Amino acid sequence: MPKPDAPTKEPAGKAAPESAGGSARGSAREGSAARTLLRLWPYVRPVRTRLFSAAFVAILASCTGLVFPLVLKWLVDGPVADRDLGGVWVGALLLLLLGVAEALLFGLRRWLVARPLASVEAAMRADLYRHLQRLPVAFHDRWASGQLLSRGTTDLMLLRMFLAFPLTFLVVNGTTIVVGMAILVAQDWALGLVLLTPLVPLVIVCAYYEGRYMAVARRAQDQVGDLTTVVEESVLGIRIIKGFGRHRSQARAFRELSRTLRGTELAKARLLAAIYAVIMALPEVAIGAALVLGTVQVADGGLSTGTLVAFLSTALALRWPVESIGFLLAMSQESATATERYFEVMDAEPESSSALAASPGEGSSEGSDGSSDTDGLRFHGVRFRYPDAPADAPPALDRIDLHIRHGETLALVGATGSGKTTLTALVPRLHEVTEGRITLDGEDIAEMERERLRTLVAVAFEEPTLFSATVGENVLMGAGEDAGDAELRRALEVARADFAHALPQGTDTQVGEQGLSLSGGQRQRLALARAVVGRPRFLVLDDPLSALDVHTETLVEAALRRVLRDTTALVVAHRPSTVLLADRVALLSEGRITAVGTHQELLRENAEYAWLMSGAGAAPVTGERAPAPVGGRAEAGPGFADVHTEAGVVSAEGEGQR
Amino acid sequence: MSASTPASQTTGPGGEGPFPQGEDGPSPQDAGRPAPPPGEHTTPSSGAPPESAAPADDFDKDTLPAPPGATSALLRSLLSPLRGRVVLATVLLLLQQAAVQGGPLLVAYAIDSGVPAVRVGDYGPLVAIGIGYLLCAGASGGFQYAFIVASARVNQDVLLDLRGRIFRHAQALSVDFHERYTSGRLISRSTTDVESLRELLSEGLQELITVILSFVYISAMLLWLDLGLGAVAVASFVPLYLLVRRYQRRAGPLFGKRSTAIASVIVKFAETMNGIRPVRAFRRERANEEEFGVLNRHHERANGDAMLEMARYVVGSRLVANTAVAGIVLWGAYRVTEDTLALGVLAAAVLYLRRLYDPIDRLGMFLNSYQSAAASLEKVAGLLAQTPSVPEPHPDRTRTLPALASEHPGREVDFDGVRFAYRTGGEVLPRFDLTLPAGQTVAVVGSTGAGKSTLAKLLARFYDPTAGRVLLDGVDLRDLSNAELRRGVVMVTQEAFLFSGTVAENIAIGRPDATREEVVRAAKAIGAHDFIASLPDGYDTDVRKRGGRISAGQRQLVAFARALLADPAVLILDEATSSLDIPGERAVQRAMRTVLRGRTAVVIAHRLSTVEIADRVLVMEHGRVVEDGTPAELIAGSGSFADMHRAWRDSVVG
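Residues numbered from 1 in each chain as written. Chains lettered and ligands numbered in written order. Predicted model: local features only at pLDDT ≥ 70, side-chain atom pairs only at ≥ 80, totals over all residues.

### Focus: the overall build of chain B
Here is step 1: Within chain B, the secondary structure is distributed over 22 helices and 10 strands.
Here is step 2: Expressed as a percentage of the 654 residues in chain B, the buried residues total 50%.
Here is step 3: Partitioning the contacts of chain B with sequence separation of at least 6, the portion at a separation of at least 24 is 78%. (Helix = DSSP H or I, 4+ residues; strand = E, 2+ residues; numbered from the N terminus. Buried ≥ 20, exposed ≤ 12 C-beta atoms within 10 Å, placed from the backbone. Contact = placed C-beta atoms within 7 Å.)

The structure is reproduced here in structure tokens:
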């Protein structure tokens with residue numbers, strides 16, 4: 001147990017699944033499959049007694065089935081041949097007892113495992129969920145939630161079934177076959193051997209087809225995944241498909257994929273049919289041969305009729321165990337794949353609770369550079385590179401030095417794709433800095449408990465996500481346990497989300513995937529309310545007003561200004577109106593802070609900033625050449641006239657205010 | 001030893017997880033969910049009219065109302081084109097079962113005729129037995145192969161048909177349906193529900209037919225071998241049937257409960273993973289674990305209940321079967337001693353009996369898959385019963401747009417006595433007339449819920465008006481074929497969704513036959529070229545793969561490039577610039593002045609900066625156009641637009 005996880009760990013951590021379960025190597029042989037399955041032991045351990053007893057009971061029950069023919073033989077050769085009525089009754093009673101015992105034993109087996117196996121499945125699922133919640137955000141960026149979900153549902157159900165059937169029955173049927181064969185050979189070794197002969201070709205043929213079948217099955221699985229993707233996208237992108245009238249091409253893609261899938265499924269069926277045909281025919285041939293030989297022997301008097309009957313019914317009783325071995329192995333193989341997929345996620349390193357070793361880059365200045373409790377938020381030489389970025393790509397953020405003083409609000413401005421959102425994600429440690437440090441009131445966040453850090457810092461994201469809960473619960477998520485109605489009311493007021501009171505059930509209205517759907521602006525205001533409800537010391541707002549109409553925006557700004565007065569805040573801004581919430585502005589350009597100052601200063605002195613805020617006078621960082629870095633052609637097009645007007649207004653009236 | 005595996009560190013006390021017991025937790029199903037409000041003011045963006053005349057809260061449920069019998073009608077309509085092949089598969093199975101069931105008969109013959117014949121030196125019967133057995137073996141194998149292949153063809157064609165139907169139907173249903181029926185449900189209709197039908201068809205149904213056939217065959221054989229023994233065997237079907245019925249009755253609700261339980265587990269799981277950032281940032285981990293634990297426990301309990309019910313069924317059916325076997329053997333042996341029954345017949349009867357009761361357990365499995373497939377089919381039938389509220393016109397009635405009147409690509413838009421209301425009664429747009437001349441750029445402003453988006457959606461024919469007509473160069477939108485309509489009108493919305501594939505492919509959705517040069521030109525015109533060129537593989541970067549991080553603003557630029565490439569006569573922008581920064585917005589405006597010049601454009605925006613490029617501004621309030629004029633006129637006036645504009649100016653300046 002201690003060793004096997006080591007080899008699987010490496011590929012698992014790196015595997016970035018692109019299509020449905022692209023991780024399983026079809027070549028995984030039985031040996032490694034068994035080793036993979038052994039990893040389930042910690043989960044099985046708590047229920048081992050029940051599971052082992054169940055297997056034992058199943059072996060008993062299965063062997064009871066083998067005693068049937070023996071009783072039958074005794075009955076035919078003894079009482080029936082002797083015309084002994086009492087003996088007939090005894091034999092029948094014996095059969096009845098065996099039958100009752102078999103039925104009860106099989107029931108007992110199922111009863112023994114029902115609850116424990118459900119609990120194993122539940123425990124594994126709970127563990128997966130807990131683990132996933134603690135994996136770094138970078139992990140979630142790489143993994144589609146559907147991939148995680150299929151691990152939490154289909155794979156775990158498969159594993160439960162594996163523990164219930166294949167695992168037990170591989171043992172049970174193996175034992176049954178051995179015992180049955182022993183009985184056969186013991187009764188008549190020649191006939192027994194005749195029956196044994198097809199076993200070898202059967203195993204070989206099955207193994208051959210099994211391998212091919214697995215490969216096709218895998219392909220079918222992947223194609224189902226692709227098909228699902230098309231379905232998913234055609235639902236999620238329905239407005240685009242309709243808006244551009246692309247039903248036809250989407251339907252064509254769907255049709256092609258589903259036809260391919262049909263082809264694969266048919267190939268799969270042909271293989272399956274071949275396996276079954278062999279499984280059906282071969283033993284039957286052997287039984288036929290045994291029957292012919294047996295008849296001759298009975299005629300010679302070398303064999304009793306009872307023995308022949310018993311022999312044939314034993315052979316018949318053994319058919320299912322033999323036939324089943326094939327699909328039991330196939331199921332085990334699939335379960336091994338499922339286990340692998342499960343542990344692929346479980347092996348990923350979770351965020352440690354404090355992560356001391358996160359900032360190796362910046363010497364050991366021990367945090368406090370003469371800072372006090374009211375030092376505010378500081379970035380010290382921060383560099384960040386996405387863990388999955390190619391090695392030669394420039395870091396997403398580099399040499400970030402920023403100081404947001406206590407109670408100050410700093411606006412972060414930058415062109416699309418300059419790294420603003422990435423920067424905000426570093427503060428609550430959704431991503432870990434690659435190099436450098438971030439301190440809150442002098443304390444390195446890498447040395448803080450995440451839990452505490454995230455209590456101190458509240459965030460409103462660019463894409464406001466609401467959970468399936470009431471409006472009130474969604475907002476109060478941002479506050480401590482003791483927050484109540486008063487806080488909720490205040491937060492809704494700050495975010496101008498008073499509409500919540502007018503919902504059908506007021507703040508008790510369900511929202512989210514399973515509830516009422518709200519407009520983008522409404523969601524954004526609730527997300528903002530969530531960020532401010534806990535009166536956090538530090539506030540990070542990622543373009544918090546983008547979806548609001550002008551009127552609402554003005555109202556929210558006014559209220560927000562009061563909150564920001566005594567909060568240390570970092571606000572990502574696209575527009576002058578949002579920038580004006582801040583005391584100072586930092587300009588982020590291609591992952592670097594290129595200027596810091598007040599709105600007016602930057603507007604005057606920094607060409608890129610002026611360009612970003614007004615769209616006019618484009619200039620790259622060097623301030624030399626005219627063409628805009630992002631906007632492309634900045635030639636004096638027809639749009640230029642009003643661009644000028646606005647820039648003029650901004651700077652002129654800006655001056656006037658000063 | 002277990003301490004070294006990462007899994008065990010998080011195992012906790014094993015089966016008894018750290019979660020509160022499920023029973024006393026609130027069930028998500030019990031929690032009274034509010035019905036969506038009939039009014040529009042609370043759900044301005046999503047408050048779409050319900051699809052059918054049925055009450056609005058149908059959409060809260062998984063199963064949509066379907067006419068009675070829709071499920072079986074659906075199944076029939078899926079199978080009827082394949083009637084021939086269904087018959088073929090059935091015949092193959094009949095033959096295969098006949099071959100399989102021939103064995104014991106040969107045993108009886110061998111014991112009763114073969115043995116005496118050999119004793120007198122006549123090997124004829126023996127040879128016949130040998131050949132017969134070989135034939136049986138060969139035939140059962142061969143027919144098995146043929147049957148599996150034939151039935152797989154039927155199954156796969158049914159699934160292909162069903163998948164296609166769901167897909168096409170979902171695509172044909174209007175946008176308002178999609179707004180009400182969450183994407184998750186639609187996706188699970190076409191994945192998990194189809195999957196459960198697949199299971200039924202590929203495993204369950206074959207199982208059922210095999211079971212029924214062998215019941216029939218074996219009963220016939222037994223009756224033929226000996227009427228009395230056969231009658232006893234047939235009589236044993238009565239208690240078995242009762243058992244099956246009881247199981248079905250009791251397991252049905254259990255399965256229902258289980259699937260509801262797993263559904264809520266799935267919802268919670270998916271929601272957490274999709275919203276992992278806020279989950280983290282607001283420290284929801286522990287609270288989530290508790291909630292998830294409750295749901296998980298519910299499922300565990302339901303799961304265990306279902307398995308226990310199965311155990312009960314297995315015990316019952318085995319008991320009946322084994323008792324019957326014992327009884328028949330007793331009576332048979334008794335009669336052999338009295339010489340009223342041949343020994344070989346008894347042997348064959350016993351062999352048959354063992355086979356007869358063998359598949360009983362599997363019958364339970366079939367019932368399982370039948371239950372879940374029936375539930376799934378019902379849901380699918382409910383979906384398919386929805387009629388598109390914005391249907392494509394009948395081919396005979398379609399009209400084409402007239403040739404362009406001028407050298408400009410724009411067309412005139414005319415709202416002729418248009419009124420729009422939810423079917424539940426809430427009126428969004430009272431009756432109005434509005435004409436947008438060809439080539440005009442019209443900005444629509446107003447507060448949230450004023451009806452701007454509804455206006456746009458009527459023009460894009462995402463909705464049809466309750467009364468009146470929307471005309472494009474004099475042609476009713478309802479008379480245009482889909483392709484013709486989309487050459488005429490294209491809408492770019494706020495949420496810029498990217499399909500999997502490359503960036504270039506995503507832009508080319510606007511015009512699939514566009515060349516790479518045209519794609520690049522569109523991207524350049526909108527200012528998206530630079531960021532696309534800086535992606536790892538440029539235009540060939542897969543948006544779903546590594547390095548494909550594309551921000552919200554960049555996605556909107558791609559969406560614009562798409563619209564630019566589509567080259568429509570009328571372009572609708574529904575808050576399509578909300579995530580753009582100012583330079584991005586400027587680039588869009590520039591493109592509208594250059595590339596899109598001469599097109600009719602309707603721009604809905606929160607930002608008043610957009611308004612300045614408009615030829616005309618419509619201010620909407622409570623579904624009515626309250627102000628209409630050029631930007632300059634309105635700014636100079638004293639209406640609400642002037643106020644808004646002033647407020648905006650102030651905000652820009654600070």
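Having seen it, we continue.
### Notes on the overall build of chain A
Here is step 1: When you go through chain A residue by residue, the secondary structure sums to 23 helices and 12 strands.
Here is step 2: Within chain A, the proportion of its 658 residues that are buried is 54%.
Here is step 3: Look at the contacts in chain A between residues 6 or more apart in sequence, and 78% of them connect residues 24 or more apart.

### Considering the nonpolar core
Here is step 1: Grouped together as the largest cluster of nonpolar side chains are 262 residues, with contacts concentrated most on L412(A), A529(A) and A349(B).
Here is step 2: In terms of residues, this core owes the most to one element, helix α10 (residues 285–337) of chain B, which gives 20 residues.
Here is step 3: Not counting the four nearest positions on each side in its chain, A349(B) is found in contact with L222(B), L225(B), D226(B), L229(B), I328(B) and G332(B).
Here is step 4: L159(B), L436(B), V558(B) and L565(B) belong to the second-largest nonpolar core, a separate cluster that totals 119 residues. (Core = buried A, V, L, I, M, F, W, Y, C linked by C-beta atoms within 7 Å.)

### Focus on the confidence of the model for chain A
All names here are of chain A.
Here is step 1: When pLDDT is averaged across chain A, the result is 77; 84% of the residues are at 70 or more.
Here is step 2: When the criterion is pLDDT under 50, residues 355–370 qualifies, and its contacts beyond four places in sequence or with other chains add up to 25 contacts.
Here is step 3: Predicted confidence for residues 617–658 stays below pLDDT 50, and this span has 75 contacts to residues more than four positions away or in other chains. (pLDDT = per-residue confidence, 0-100.)

### Things to note about helix α8 (residues 166–187) of chain A
Here is step 1: Helix length check: α8(A), at 22 residues, gives a terminal C-alpha distance of 30 Å against a target of 32 Å (1.5 Å per residue), a fit within 8%.
Here is step 2: Residues P166(A), L167(A), T168(A), F169(A), V172(A), N173(A), T176(A), G180(A), I183(A) and L184(A) constitute the buried set of α8(A). (Expected span 1.5 Å × (residues − 1).)

### Thoughts on the domain arrangement of chain A
Accessible area lost on assembly of the parts is the figure often given for the size of an interface.
Here is step 1: For chain A, the assigned domains read domain 1 (5–11 + 29–346) and domain 2 (356–597).
Here is step 2: Computed over C-alpha atoms only, the centres of domain 1 of chain A and domain 2 of chain A are separated by 53 Å. (Domains from an automatic or database assignment.)

### Looking at helix α11 (residues 343–357) of chain B
Here is step 1: Between its first and last C-alpha, α11(B) extends 22 Å over 15 residues, near the 21 Å set by a 1.5 Å rise per residue.
Here is step 2: Counting buried positions over the 15 residues of α11(B) gives 13, a clear majority of the element.

### Section: the sheet that holds strand β2 (residues 427–436) of chain B
Residues and elements named next belong to chain B.
Here is step 1: If you trace the 4 strands from one edge of the open sheet to the other, you get β2-β1-β4-β5, paired in antiparallel fashion. Looking at which strands have only one partner, the edges of the open sheet turn out to be β2 and β5 (475–476).
Here is step 2: Here strand β1 (residues 413–421) runs beside β2; their pairing, made up of 6 bridges, is antiparallel. The residue of β2 that forms the bridge with A421 is E427. (Pairing = 2+ DSSP bridges.)

### Some words on the packing of helix α4 (residues 48–82) of chain A against α8(A)
All names here are of chain A.
Here is step 1: One way to put it is that α4 packs onto α8 with a least axis distance of 9 Å and a crossing angle of 30 degrees. Judged by the angle between their axes, α4 and α8 are roughly parallel. In the crossing of α4 with α8, the sense of the turn from one axis to the other is right-handed. Across the interface between the two elements, A54, A55, A58, I59, S62, C63 and L66 of α4 pack against T168, V171, V172, T175, T176, V179, G180 and I183 of α8. (Axes fitted to C-alpha atoms, helices over the stretch in contact; angles between N-to-C directions. Parallel < 35°, antiparallel > 145°, perpendicular 65-115°, else oblique. Left-handed = near helix turned anticlockwise from the far one by under 90°.)

### Some thoughts on the pairing of strand β3 (residues 441–445) of chain B
All names here are of chain B.
Here is step 1: Most of β3 sits out of view: 5 of its 5 residues are buried.
Here is step 2: Side chains of β3 alternate between two faces, with T441, A443 and V445 and V442 and V444 buried alike.
Here is step 3: In this structure, β3 lies alongside strand β8 (residues 600–604), joined through 4 bridges in parallel fashion. Note on β8: the bridge partner recorded for V444 is I604.
Here is step 4: With 4 bridges joining them, β3 and strand β9 (residues 616–621) adopt parallel strand pairing. Its bridge partner lying in β9, A443 is registered against V617.

### A look at the sheet that holds strand β10 (residues 568–572) of chain A
All names here are of chain A.
Here is step 1: In space, the 6 strands of this open sheet follow the order β6-β9-β10-β3-β11-β12, with mixed pairing throughout. Of all strands in the sheet, those with a lone pairing partner are β6 (457–460) and β12 (592–597), marking the two edges. Taken over all neighbouring pairs, the strand axes of this sheet differ in orientation by 20 degrees on average, direction set aside.
Here is step 2: Inspection of the sheet shows strand β11 (residues 584–589) paired to β12 by 5 bridges, in the antiparallel sense. From the neighbouring strand, A586 faces β12, where its bridge partner is V596.
Here is step 3: Docked against the sheet, helix α22 (residues 607–614) engages β3 (409–414), β11 and β12, running at close to 100 degrees with respect to β11.

### Focus on the domain arrangement of chain B
Here is step 1: When its domains are assigned, chain B resolves into domain 1 (68–384) and domain 2 (413–653).
Here is step 2: Computed from C-alpha coordinates alone, the two centres of domain 1 of chain B and domain 2 of chain B are separated by 55 Å.

### A few points about the packing of α4(A) against α10(B)
Here is step 1: Where α4(A) contacts α10(B), the axes come no closer than 9 Å and their chain directions differ by 45 degrees. Between α4(A) and α10(B), the interaxial angle falls into the category oblique. As α4(A) runs across α10(B), the sense of the crossing is right-handed. From α4(A), L75(A), P79(A) and V80(A) reach across to α10(B), where they touch A333(B), V336(B) and T337(B).
Here is step 2: Considering only residue class, the contact of α4(A) with α10(B) consists of 5 nonpolar, 1 polar and no charged. (Nonpolar A, V, L, I, M, F, W, Y, C, P; charged D, E, K, R; others polar.)

### Examining the pairing of β9(B)
Residue and element names in this part refer to chain B.
Here is step 1: When β9 meets strand β10 (residues 624–629), the two strands line up antiparallel, connected through 5 bridges. What sits directly across from V619, in β10, is E627.
Here is step 2: Count of turn residues in the β9/β10 antiparallel hairpin: 2 residues, of which H622 carries a positive phi of about 45 degrees.

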